[in-house]
Amino acid sequence: MKKWLLLLICSLFGVSLSGCSLQNVVESVSPSREETPQDIHPDSTRVYMDEIQGTLQTFTGNKLTLTSSSQDYTFDVSQATLESVDGMVRGDSISVIYEGQLSGTDTSTVRTLKVVDDYHDMDSLKERTTHGQVQELTTNSITIKSKGGKTATFPITGTEQYYQNGIKAGKWVYIHFKGEMDTPDPENPSHLYGFHTKVFSVSDIDPLKVPEPTPTPAPSKNKDQEKERQMRAVIQGIQTNILQVSVENTDNLLNLNMSAIPCYFSGGLSSGSHVTVTYTGEFDGVSTAGISILGITGEVPESLSDHGISFTVSGDITASTSNTLTLLTYDNMYVTCSIENASNSSTGGLLSGSSVKITFNPAESRNSNIVSAIKIEDLYT
């Protein structure tokens, strides 16, 4: 026992001579504590997430500008998700959620994660009505002229339309919409554009009220009256009052004059969608020469399954976010489509410049200017 005590005293004496304390010795043989991330990366920076609320000014498909506290901020949203219930409507209150820290109005220092409706602002945009004479009607747009001489172009992809007395250039219509108009051409301030508006309906009567069950005239009780017949057809295109259709299951094209007949399109005038043409006379399957058209009625998308939906919009991809595509259509309208639940058989990788055809359900975008895509295909195959 004395020998062991002597050895311990000697070892302690040796430690003191070497300049090491007893505590250092004990720590050197004690198990080390578990390292924390702060210990491993003492200089790592914290990731900040924040949001900014403001009023939407412009949206190009992958960039947006909003005004907040009288300052304009332009965000790159190409990697963000758009979750605004009303879509991207000019003048609406939105919130941009981002990662990083803003430096003044310089947004290049942050990464946009999400764009949502501004739940802090309870004053949503109100529905408005304008009245004007039709200048041009296409699949995706309508241009009208007011009594004051100003013209305005509105987007109408998937928009409900009812023309009780027919439709042609010069006829007066009511447009119900939400959002603010824009004047992108300084040299032509009298032409307004509603690229970022949401149009709810277009009609030659106000309020829009469609007779039951269809907008066709009631059958006559006259025994000598010709029997009404119906045929199914597929919309191919429209130019103001001329609706081009193909008879269902054929390649025969017909040009239907809508100038003076009731027409109702619950889901809009989209190519690929079906219509029922009511007529009298004998149809030869080739032309309208032997018939009198009484009315045209489109499908009601709410009554169709996704499998039965055939409304389409086509164009070139100009921009995208993580869950949307924006197309430039043949009639020069920008249409943004939600693609989260869409099947994709296109071969262009959904890159800018690719030409695609998107099948969509108008019933899913009654209150939004972002249409809900079901299927994405190559436009040219």
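Residues numbered from 1 in each chain as written. Predicted model: local features only at pLDDT ≥ 70, side-chain atom pairs only at ≥ 80, totals over all residues. Heavy atoms only, no water.

What should I look at first to understand the packing of aromatic side chains in this one?
The way to describe two aromatic rings as a pair is by their centre distance and the angle between their planes. A full pass over the atoms with the stated rule returns eight aromatic pairs. Between the aromatic rings of Tyr73 and Phe75, the centroid separation amounts to 6.5 Å while the plane-to-plane angle is 20°, which identifies the pairing as stacked. Note on Tyr73: relative accessible area 11%, which makes it buried. For Phe75, a relative accessible area of 0% puts it in the buried group. When the ring of Tyr162 is compared with that of Tyr264, the centres are 6.0 Å apart and the planes differ by 90°; the resulting orientation is edge-to-face. Linking Tyr162 in strand S10 (residues 160–163) with Tyr264 in strand S17 (residues 263–265), this pair joins segments that are 102 residues apart in sequence. Among the aromatic side chains, those forming a connected cluster through ring pairs are Tyr73, Phe75 and Tyr98. (Phe/Tyr/Trp six-rings, centres within 6.5 Å; stacked < 30°, edge-to-face > 60°. Buried < 20%, exposed > 50% of the residue type's maximum accessible area, 1.4 Å probe, protein only. Helix = DSSP H or I, 4+ residues; strand = E, 2+ residues; numbered from the N terminus.)

When you look at the sheet that holds strand S4 (residues 81–83) in this model, what are you seeing that I'm missing?
Note on sheets: strands pair through backbone hydrogen bonds, and any given pair is parallel or antiparallel. The six strands are arranged S3-S2-S1-S5-S6-S4 in an open sheet whose pairing can be described as mixed. The sheet is open, and its two borders are formed by strand S3 (71–76) and S4, each paired with just one other strand. On average, each strand axis in the sheet is inclined to that of its neighbour by 40°, with strand direction left out of account. In the sheet, strand S2 (residues 63–68) pairs with S3 via six bridges, with the strands oriented antiparallel. Across the sheet, the residue bridging to Leu66 is Tyr73, located in S3. (Pairing = 2+ DSSP bridges. Axes fitted to C-alpha atoms, helices over the stretch in contact; angles between N-to-C directions.)

What am I meant to see in the pattern of salt bridges here?
For side chains bearing opposite charge, pairing can occur when the charged atoms are close. Tallying each qualifying case throughout the model produces nine salt bridges. Its salt-bridge partner being Arg90, residue Glu180 comes within 3.8 Å of it at the nearest N-O pair. Pair noted here: Glu180 is in the loop between strand S11 (172–178) and strand S12 (191–193) and Arg90 is in the loop between S4 and strand S5 (93–100), with a separation of 90 residues, a long-range link. One salt bridge in this structure joins Arg229 and Glu282, with 3.3 Å as the shortest N-O distance. In this pair, Arg229 is assigned in strand S14 (residues 229–239) and Glu282 in the loop between strand S18 (274–281) and strand S19 (291–298), connecting sequence segments 53 residues apart. Linked by salt bridges that have partners in common, Arg90, Glu180 and Asp182 make up one network. (Salt bridge = Lys/Arg side-chain N within 4 Å of Asp/Glu carboxyl O.)

Looking at this model, I keep getting lost on unusual backbone geometry. Mind explaining?
Among all residues except glycine, the phi angle is most often negative; among peptide bonds, the trans geometry is most common. Looking along the chain, the bond that leaves Asp206 and enters Pro207 is cis, with omega of 5°. Topologically, Pro207 is positioned in the loop between strand S13 (198–203) and S14. One non-glycine residue, Asn332, adopts positive backbone phi at about 60°. Tracing the backbone shows Asn332 in the loop between strand S21 (324–329) and strand S22 (334–338).

What should I look at first to understand the nonpolar core in this one?
Taken as a class, soluble globular proteins show a tendency for nonpolar side chains to be buried jointly. Counting 35 residues, the largest nonpolar core has Ile142, Phe154, Val173, Ile175, Leu243 and Ile296 as its most contacted members. Per-element tally for this core: the top contributor is S14, with four residues. Aside from chain neighbours lying at most four places away, what touches Leu243 is Ile235, Gly237, Ile238, Leu254, Asn255, Leu256, Met258, Phe265, Leu269 and Ile296. Core analysis: the next-biggest nonpolar cluster, separate from the first, contains 18 residues, Leu327, Cys337, Ile339 and Ala373 among them. (Core = buried A, V, L, I, M, F, W, Y, C linked by side-chain atoms within 4.5 Å. Contact = heavy atoms within 4.5 Å.)

In this structure, what is going on with the pairing of S18? I would like to understand it.
A regular strand carries its side chains on alternate faces of the sheet. Counting buried residues in S18 gives seven out of eight residues, a clear majority hidden from the surface. When S18 meets S19, the two strands line up antiparallel, connected through seven bridges. Its bridge partner lying in S19, Tyr279 is registered against Ile293.

Whenever I open this one, the environment of Thr288 confuses me. Can you help?
Checked against the element boundaries, Thr288 lands in the loop between S18 and S19. On the basis of relative accessible area, Thr288 is assigned to the partly exposed category, the value being 28%. As a C-alpha pair, Thr288 and Leu256 span 32 residues in sequence and 8.0 Å in three-dimensional space.

Would you explain the confidence of the model for the protein in this entry?
Model confidence for the protein is summarised by a mean pLDDT of 87, while 83% of its residues fall at 70 or above. Low pLDDT, under 50, characterises residues 1–41; the stretch is placed with six contacts to residues that sit more than four places away or in other chains. (pLDDT = per-residue confidence, 0-100.)

I tried to follow the pairing of strand S25 (residues 370–378) on my own but got confused; where do I start?
The pairing of S22 with S25 spans three bridges and is parallel. In the sheet register, Thr336 faces S25, and the bridge partner there is Ile370. Taken together, the two bridges between strand S23 (residues 343–344) and S25 define a ladder with parallel strand orientation. Looking at the pairing, Asn344 lines up with Ile376 of S25. In terms of strand pairing, strand S24 (residues 355–361) meets S25 through six bridges, oriented antiparallel. Pairing of Val356 across the sheet is with Asp378, part of S25.

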